[in-house]
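Residue-level listing of the chains:
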Amino acid sequence: MTPYEPVDTLKEVIAKKGPMVIAFSGGVDSSLLSLVAKETLGNQHLCILLDSPLVPQHSIEQAKIIANEFGLNFEILPFKALSKSGIVNNPKDRCYHCKKASSQLLKSYALNIGFNCIADGTNLSDLGEYRPGLAAGDEEDIAHPFVDAEISKPDIRKIAKKRGYNFWNLPSSACLASRIPYNEILTEDKLKNVDRAENLLSSFGFTQGRVRLHGEGAIARIEIPEKELESFLNYRKNVVSELKNLGITYITVDIEGYRSGSMDEIL
C-alpha cells in the first residue's frame, strides 16, 4: 500500500475548493500549487500574475517559462500598484494595502470569468513572520491550500524535488518595495534601479543578492550571503561602476550578509 503523502492532503483541499484562480509568481510555492491544482482540477485552474513596478522582471520571465513548460492556464494582468496611496507612501503596513488591492483585483477578474476561489502559495512557514498582507488576504477570503494541508516551505521544496520539478530550489524572491525603507516614497525609478542592480549581482552568480536603497536612492546597501562575501569583492569595481551609472552615489556592502526582510529589523 502506498503511504499517504502531504500532497494527497493538498489534492483533497484543492478538490473541495473547486475551480481555482492561483495568484502566480513563478516561485516554488505558487508553481507547485498550480501544478497540483492542474492535476486535481484539470482546466478548471487559472494562474494569474499581476504585473506592476513592484515585480522583478526576471520573475515575470520565470513565470512565463514555468507556465509554458508545464502547460498551465496562465494570464498576466496589469496592476497599477503605485496609484494606491497605501502602497506608494510605503508605510510599515504597505503589504496589507498591496495584498488588499491585488486580492480585490483578482477577485473581480475571477468572478467575471466564473471562478469563485482565489488561492495563493502561503504556507505554514509564512505564519511566523511579519506579513501584514496575510490579514488582508484573509479579509478578502483568499484561500491558503498549503496551510490547510499543513505544508511548510521545506515540505514544498521536498515535494517539488521528489517530483523532479526543476524549480524546486529556486531562491526566494520578494517584492521590490522591500528594498526601500518604510515611509520613503516608492517611485518607478527607484524600483527599476533595484531591479537592474540585482540583475547585475545575478549575472555574477549571486542569486540571493539584495540591493537595499537608502537616502532616497542615493545609497545602495548590498546584501550577499555571508559565505560569498569574500568572493564578492572580486566584482567590486564592476558593481561600483554599474551602480554609479544608475545614479547611485554611495555603494556599501552589509557585512552582516543577506537576510530575508532586513528592512523589518527596525520594527
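Just so it is clear, the model here is predicted, and its values are computed rather than measured.

Which residues make up the nonpolar core, and what values do they have?
In a soluble, globular protein the nonpolar side chains are often hidden away together inside. Membership of the largest hydrophobic core comes to 36 residues, with the highest contact counts inside it found for Val 21, Leu 54, Leu 201, Ile 222 and Leu 243. Elements with a contribution of two residues or more to this core: strand 2 (45–51), helix 5 (94–112), helix 9 (188–203), strand 5 (210–214), strand 6 (219–223), helix 10 (229–232) and helix 11 (236–245). In terms of residue count, helix 9 provides more of this core than any other element does, 5 residues in total. Setting aside residues up to four positions removed in sequence, Leu 201 forms contacts with Phe 206, Gly 209, Arg 210, Val 211, Ile 222, Ile 224, Phe 232 and Val 239. With 35 residues, the next largest nonpolar core counts Val 55, Ala 143, Phe 146 and Ala 160 among its residues.

Tell me about the sheet that holds strand 6, and name the residues and values.
Working definition: the strands of a sheet are paired by backbone hydrogen bonds and lie parallel or antiparallel to each other. Spatial strand order, 5-6-7: 3 strands in an open sheet with mixed pairing. Of all the strands in the sheet, just strand 5 and strand 7 (250–253) have a single pairing partner and so form its edges. Strand after strand, the sheet turns through a mean of 25° between neighbouring axes, direction not considered. Bridging between strand 5 and strand 6 involves 5 bridges; their strand directions are antiparallel. Pairing of Arg 210 across the sheet is with Glu 223, part of strand 6. Along the sheet, helix 9 contacts strand 5 and strand 6; its crossing angle with strand 5, the most-contacted strand, is approximately 145°. Contacts from helix 11 reach strand 6 and strand 7 within the one sheet, and its direction differs from that of strand 7 by about 140°.

Tell me what's going on with the pairing of strand 5, and back it up with residues and numbers.
A large share of strand 5 lies buried, amounting to 4 of its 5 residues. Between the antiparallel neighbours strand 5 and strand 6 lie 4 residues, among them Gly 215 with a positive phi of about 60°.

Describe the pattern of salt bridges, naming the residues involved and giving the relevant values.
Across all of its chains, the model carries 19 salt bridges by this definition. Where Arg 179 meets Glu 198, a salt bridge forms, and the shortest distance between an N and an O atom there is 2.6 Å. With Arg 179 in the loop between helix 8 (153–162) and helix 9 and Glu 198 in helix 9, the pair connects residues that are 19 residues apart, well separated along the chain. A relative accessible area of 1% places Arg 179 in the buried class.

The rules behind these values
- Residues numbered from 1 in each chain as written.
- Predicted model: local features only at pLDDT ≥ 70, side-chain atom pairs only at ≥ 80, totals over all residues.
- Heavy atoms only, no water.
- Core = buried A, V, L, I, M, F, W, Y, C linked by side-chain atoms within 4.5 Å.
- Buried < 20%, exposed > 50% of the residue type's maximum accessible area, 1.4 Å probe, protein only.
- Helix = DSSP H or I, 4+ residues; strand = E, 2+ residues; numbered from the N terminus.
- Contact = heavy atoms within 4.5 Å.
- Pairing = 2+ DSSP bridges.
- Axes fitted to C-alpha atoms, helices over the stretch in contact; angles between N-to-C directions.
- Salt bridge = Lys/Arg side-chain N within 4 Å of Asp/Glu carboxyl O.

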